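# An overview of the molecular structure
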Amino acid sequence: MSLRTDLRQLRRQPQLRDDDGNAVVEFVVLAVVLLIPSLYLVLTLGSVQSAVFAADVIARDSARIHAAVADPTEAAAQSAAHTTMVLEDYGLHTDADVVDISCSLDPCAAPGGTVRAVVRIPVPVPGLGPVLGKAGPVTVGSDHVVRVDRHRGLAP
């Protein structure tokens with residue numbers, strides 16, 4: 001019986017039953033410890049994944065442009081315009097030249113040759129731009145090789 005009376009006395013004490021404000025404190029602590037780093041991680045991974053998609057599109061299309069356009073100057077201009085458009089579409093801004101084109105034959109669109117486009121894009125880390133600069137610590141890349149048609153330019 002003494003255990004029951006002890007429990008009744010504990011229940012009657014107001015300091016043990018009163019927990020006003022504890023939920024707010026626990027929520028704030030958990031939000032700071034868990035939510036903010038998780039949100040930052042999601043933003044960073046989204047930025048990196050966006051750059052990966054952009055690098056893939058730029059490499060594929062730049063190689064195709066250089067394989068299809070006979071004039072090297074026109075191909076370079078189209079490739080540069082396309083690269084700028086894709087970088088803007090994916091929300092990436094870089095001052096560096098991100099595409100490197102190499103050809104097995106000269107000019108690039110010569111029948112039977114191959115065109116290789118290598119793309120490297122520096123990825124900025126969200127929120128740390130003033131500290132790390134525009135380049136960022138992560139660089140993503142992609143490369144793509146296109147074969148130029150052997151029968152290109154032959155009249156039927």
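For the structure, see preceding data.
Bear in mind the structure is a predicted one, so any value in this text is a computation, not a measurement.

## Examining the pattern of salt bridges
Scanning the entire structure with this criterion turns up 3 salt bridges. Linking D143 and R116 is a salt bridge whose minimum nitrogen-to-oxygen distance equals 2.6 Å. Here R116 lies in strand 2 (residues 114-123) and D143 lies in strand 3 (residues 138-147), a separation of 27 residues in the sequence. One salt-bridge network, in which partners are shared between bridges, spans D56, R60 and D61.

## Considerations on the packing of helix 3 (residues 22-68) against helix 4 (residues 72-89)
Following both chains from N to C, one finds helix 3 and helix 4 inclined at 165°, their axes separated by 9 Å at the closest point. The angle between helix 3 and helix 4 falls in the class roughly antiparallel. In this structure, helix 3 meets helix 4 at a crossing whose hand is right-handed. Together, A54, V57, I58, D61, S62, I65 and H66 of helix 3 and A75, A76, Q78, S79, H82, T83, V86 and L87 of helix 4 make up the contact between the two elements. Residues belonging to the contact of helix 3 with helix 4 are distributed by class as follows: 8 nonpolar, 6 polar and 1 charged.

## Description of a nonpolar patch on the surface
Taken together, the side chains of V24, V25, F27, V28, V29, L30, V32, V33, L34, L35 and I36 present a nonpolar region at the surface, about 1100 Å² in accessible area. Looking at the element boundaries, L35 is found in helix 3. A residue is classified by how much of its surface remains accessible, and L35, at 53% relative accessible area, is exposed.

## Thoughts on the environment of I121
Position of I121 among the secondary structure elements: in strand 2. For the pair I121 and S142, spaced 21 residues apart in sequence, the C-alpha to C-alpha distance is 9.0 Å. Discounting chain neighbours no more than four positions away, the residues touching I121 are A51, A54, A55, I58, L87, L92, V98, V138, T139 and V140.

Conventions adopted
- Residues numbered from 1 in each chain as written.
- Predicted model: local features only at pLDDT ≥ 70, side-chain atom pairs only at ≥ 80, totals over all residues.
- Heavy atoms only, no water.
- Salt bridge = Lys/Arg side-chain N within 4 Å of Asp/Glu carboxyl O.
- Helix = DSSP H or I, 4+ residues; strand = E, 2+ residues; numbered from the N terminus.
- Axes fitted to C-alpha atoms, helices over the stretch in contact; angles between N-to-C directions.
- Parallel < 35°, antiparallel > 145°, perpendicular 65-115°, else oblique.
- Left-handed = near helix turned anticlockwise from the far one by under 90°.
- Contact = heavy atoms within 4.5 Å.
- Nonpolar A, V, L, I, M, F, W, Y, C, P; charged D, E, K, R; others polar.
- Patch = residues over 30% accessible without salt bridge, like charges linked within 9 Å, V, L, I, M, F, W, Y side chains within 5 Å.
- Areas by Shrake-Rupley, 256 points an atom, 1.4 Å probe, with all protein chains shown as cover.
- Buried < 20%, exposed > 50% of the residue type's maximum accessible area, 1.4 Å probe, protein only.

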